[in-house]
Amino acid sequence: MNNKTLEQLDFFRIRDAIATHCMSEEGIECVKARIPFVDSKKIKTVKNQTEEWMRYISSGAPTAFHGWNTIQPFFSILGVDGSCLEIENLYALGTFCRSCSCIKKTLCNTTKNEKTKTPDTPHLLELISKIPDLTNAEQKIFRILTKDGELRDLPELQKIRSNIQKLRQNIDNLMHKYTTDVTTSKTLQSQLPALRANRQVLAVKANFKGRIKGIVHEMSQTGQTLYIEPEDVVQKNNELIQEEFKYTQEIRRILKELTAILAEDKESLNKAHTIMLELDVSYAAARWGVKNECIIAATIDSDKKAHLGLTLYEARHPLLGKTAVPITVQCRPHHRVLILTGPNTGGKTVTLKTIALFALLNQSGFPLPAKEGTMLPIFSSFFADIGDEQSLDQSLSTFSGHMKNIAKALDEADENSLILLDELGSGTDPQEGGGIAMAVLDELIQRNSFVLVTTHHGILKNFGYTHKTCVNASVDFDQTTLSPNYRILMGVPGESHALDIARRSGLPASIVSTAEQYITSGKTNVSELIKGLHAKHEELAHLEKEFKIKEKHIREKWQKVDLKDLQLKQKELALK
């Protein structure tokens, strides 16, 4: 996948939005590293997982997924001789083990409980069943640590801790004796002991330094105060430091021993971690999908040779939020080129980007903000020529930039490629640009690529009618307000309405009138043809609606006739 194309189609922005719904930091990194798959089996697997999570979340079932802190770096430490994980590292592993136990217990019990109306989650259960049992590892960790991640008051630590407490009490008593004794208290700058090098000392006035014998640790900047550790306190402080060191060493021994024990579960932890990350990614996608009222799109089965079709039903671009106007696009199985025309700001480019973005999200296992009935094929490559590629640094004009992108697409495009060509043939002489555009489309049609095109070239509208694999479409335009309503009309090309928009935008009426004369003098009656097609399209839609109503009435009449016929046969049988 080309990163530039993914960026142009806003895939990274949507992916990052989905990542915020992960339950772990490691899950966030996994989502941010995901790119669309091309293997149909993998796509089906991840979509099934996301769809089942969406059903589970929407059912209001108990929360089954809980987060954990980062643990991946600790796997390389486990099993190394003499290695020792810190308390916070072990707590992270313990939390992870609890998360594994919770998801297995909650999901399995919820599914087995007949009283709860929770949806079936066969694919999730199959994946969860592969998580190794980490109960023993969890128990080993929380025998040493509390549920809050603190070190427990273990028997091997209690005696040392008691000795430390006694020594501190003895030191406090000795220091209190110095600060309250009448003969020594007058020599002190402060009645409160101070700490220097983690040892209790007295702040003694410099001119009384001989009154208290001990070790001088420090002198104040003014030279008026000496910080002295009394002789009888020195020994106690030494003993305290020794006991504290002994306590630290004992904790280190316990942690090292636990690290060695957990090394036996390294393989299980690693396997469980891989599965939990997969579950976290699909869970995040499902949470985002439920929040944005999404569905899981159907995948058009290429094995049945039906992969040429594509349908978006009331699709909403995720970045537009509530302002998005739902669009419906439907290409018949034999259509491989969609030529979209209409006025500027009508939503042509957004429509193209929405179709391509939905294909990318679908192949990533992510849900789509659309309605049921949305179906997408699987593409192995994506190419996009969108926006102005003009570059002063590379001496590229707008047209040159477009040609460079198109040339790259032509180098690699095949029948499984999705190609977006925005404003095809623009940036140069209209006649030459139209010729190049048709030649490019001829080549892509020959390769059987799926192509989405926007254009203002009238010649390409005619091109769409003369090729069976092409279909014209347009963005609907309100003639009264001279503004687009963002509805897609399939099978009908659109007008640019440049004159109407120019007049509404404030261009002087005389200039617009002159422009109309220029256009009328050398223009074929394409606009009238398009207007006629629009009228035919509306008429056809009206007739189709009437036909469905009549068909319904006829069906009801036949049901009544069948009922009378049945009643007559019953009477005939009764008479016989």
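Before reading on, note that the structure itself is shown above.
Every value quoted in this text rests on a predicted model; they were computed, and no experiment measured them.

*Asks:* Explain the overall build of the protein chain to me, please; I cannot follow it from the model alone.
*Replies:* Secondary structure assignment for the protein chain yields 18 helices and 14 strands. For the protein chain, buried positions account for 43% of its 576 residues. Within the protein chain, counting contacts between residues at least 6 apart in sequence, those at least 24 apart form 70% of the total. If you sum the accessible surface of the protein chain, you get close to 31500 Å²; carbon and sulfur atoms cover 52% of it.

*Asks:* Looking at this model, I keep getting lost on the packing of aromatic side chains. Mind explaining?
*Replies:* For the coordinates displayed, the defined rule picks out 10 aromatic pairs. Aromatic side chains Phe379 and Phe450 sit 5.9 Å apart centroid to centroid with 70° between the ring planes, which places their arrangement in the edge-to-face category. Here the residue Phe379 occupies a position in the loop between strand 9 (375-376) and strand 10 (381-385), and Phe450 occupies one in strand 12 (residues 450-454), the gap between them amounting to 71 residues. Comparing Phe379 with Phe450 shows no difference in burial state: the two are buried. The structure contains a cluster of three or more aromatic residues connected by ring pairs, namely Trp53, Tyr56, Phe65, Trp68, Phe96 and Tyr283. Arg196 extends its terminal NZ or CZ atom over the ring of Tyr227, reaching a point 4.2 Å from the ring centre.

*Asks:* When you look at the pairing of strand 3 (residues 214-219) in this model, what are you seeing that I'm missing?
*Replies:* Where a strand is regular, its side chains alternate between the two sheet faces. In the sheet, strand 3 pairs with strand 4 (residues 225-230) via 5 bridges, with the strands oriented antiparallel. If you follow Gly214 over to strand 4, its bridge partner there is Pro230. Linking strand 3 back to strand 4 in an antiparallel pair, the connection comprises 5 residues, with Gly223 at a positive phi of about 80°.

*Asks:* How should the state of the cysteines be read in this particular structure?
*Replies:* Chemically, a disulfide is nothing more than a covalent bond linking the sulfur atoms of two cysteines. Across all of its chains, the model carries 0 disulfides by this definition. Unpaired in this structure, Cys100 has its nearest cysteine sulfur neighbour in Cys97, at a distance of 6.3 Å.

*Asks:* I keep staring at the packing of helix 3 (residues 25-33) against helix 11 (residues 266-291) and nothing clicks. Help me out?
*Replies:* Across the interface, helix 3 lies against helix 11 with an axial gap of 9 Å and an inter-helix angle of 70°. Classified by the angle their axes make, helix 3 and helix 11 are roughly perpendicular. Here helix 3 and helix 11 pass one another in a crossing that is right-handed. The segment helix 3 lies against helix 11, with Glu26, Gly27, Cys30 and Val31 engaging His273, Leu277, Asp280 and Val281.

*Asks:* How should the environment of Ile43 be read in this particular structure?
*Replies:* Positionally, Ile43 belongs in helix 4 (residues 40-58). With a relative accessible area of 1%, Ile43 lands in the buried category.

*Asks:* Just checking my understanding: could you explain the nonpolar core for this structure?
*Replies:* Looking at soluble globular proteins, one finds that nonpolar side chains tend to be buried together. Counting 113 residues, the largest nonpolar core has Trp53 and Leu279 as the members making the most contacts within it. In terms of residue count, helix 11 provides more of this core than any other element does, 12 residues in total. In contact with Trp53, not counting residues within four places along its chain, are Ala64, Phe65, Ile103, Leu107, Leu124, Leu279, Ser282, Tyr283 and Ala286. Counting residues in hydrophobic clusters, the runner-up holds 19 residues, among them Ala409, Ala413, Ala437 and Val440.

*Asks:* Is there a simple way to explain helix 12 (residues 348-363) in this structure?
*Replies:* Working note: α-helix, 3.6 residues per turn, so residues spaced by three or four point in the same direction. Compared with the 22 Å implied by 1.5 Å per residue over 16 residues, the 23 Å span of helix 12 between its first and last C-alpha is a close match. For helix 12, the buried fraction is high: 14 of the 16 residues fall into the buried class. Of the residues one or two after helix 12, Gly365 is the one with positive phi, at around 85°.

*Asks:* Help me understand the pairing of strand 8 (residues 337-341), please; the structure alone is not making it clear to me.
*Replies:* Across the 5 residues of strand 8, 5 count as buried, placing the element largely inside the fold. What you see with strand 8 is no split at all: Val337, Ile339 and Thr341 on one side and Leu338 and Leu340 on the other are buried throughout. Where strand 8 and strand 12 come together, 4 bridges link them in parallel fashion. Across the sheet, the residue bridging to Leu340 is Thr454, located in strand 12.

*Asks:* Before we go on, may I ask you to explain the sheet that holds strand 2 (residues 199-205) in this structure?
*Replies:* Hydrogen bonding along the main chain pairs the strands of a sheet, whether they run parallel or antiparallel. One open sheet holds the 4 strands; their spatial order is 1-2-4-3, and the pairing between them is antiparallel. With one partner strand each, in any of the chains shown, strand 1 (194-196) and strand 3 form the two edges of the open sheet. For this sheet, the mean inter-axis angle between neighbouring strands, taken without regard to orientation, is 45°. Against the sheet, helix 8 (residues 155-180) makes contact with strand 2 and strand 4, and its axis sits at roughly 5° relative to strand 2, the strand it touches most. Packed onto the sheet, helix 10 (residues 231-262) meets strand 2, strand 3 and strand 4 and runs at close to 70° relative to strand 4.

*Asks:* I would appreciate a short explanation of the pattern of salt bridges in the present structure.
*Replies:* If charged atoms from side chains of opposite charge come close, those side chains can pair. This structure, assessed with the given rule, holds 13 salt bridges. The shortest N-O distance in the salt bridge between Lys569 and Asp565 comes to 3.8 Å. Separated by 4 residues within a single helix, Lys569 and Asp565 lie in helix 18 (residues 526-575), roughly one turn from each other. The exposure class assigned to Asp565 is partly exposed, which follows from its relative accessible area of 39%.

Cut-offs applied
- Residues numbered from 1 in each chain as written.
- Predicted model: local features only at pLDDT ≥ 70, side-chain atom pairs only at ≥ 80, totals over all residues.
- Heavy atoms only, no water.
- Helix = DSSP H or I, 4+ residues; strand = E, 2+ residues; numbered from the N terminus.
- Buried < 20%, exposed > 50% of the residue type's maximum accessible area, 1.4 Å probe, protein only.
- Contact = heavy atoms within 4.5 Å.
- Areas by Shrake-Rupley, 256 points an atom, 1.4 Å probe, with all protein chains shown as cover.
- Phe/Tyr/Trp six-rings, centres within 6.5 Å; stacked < 30°, edge-to-face > 60°.
- Lys NZ or Arg CZ within 6 Å of the ring centre and 35° of its normal.
- Pairing = 2+ DSSP bridges.
- Disulfide = S-S within 2.5 Å.
- Axes fitted to C-alpha atoms, helices over the stretch in contact; angles between N-to-C directions.
- Parallel < 35°, antiparallel > 145°, perpendicular 65-115°, else oblique.
- Left-handed = near helix turned anticlockwise from the far one by under 90°.
- Core = buried A, V, L, I, M, F, W, Y, C linked by side-chain atoms within 4.5 Å.
- Expected span 1.5 Å × (residues − 1).
- Salt bridge = Lys/Arg side-chain N within 4 Å of Asp/Glu carboxyl O.

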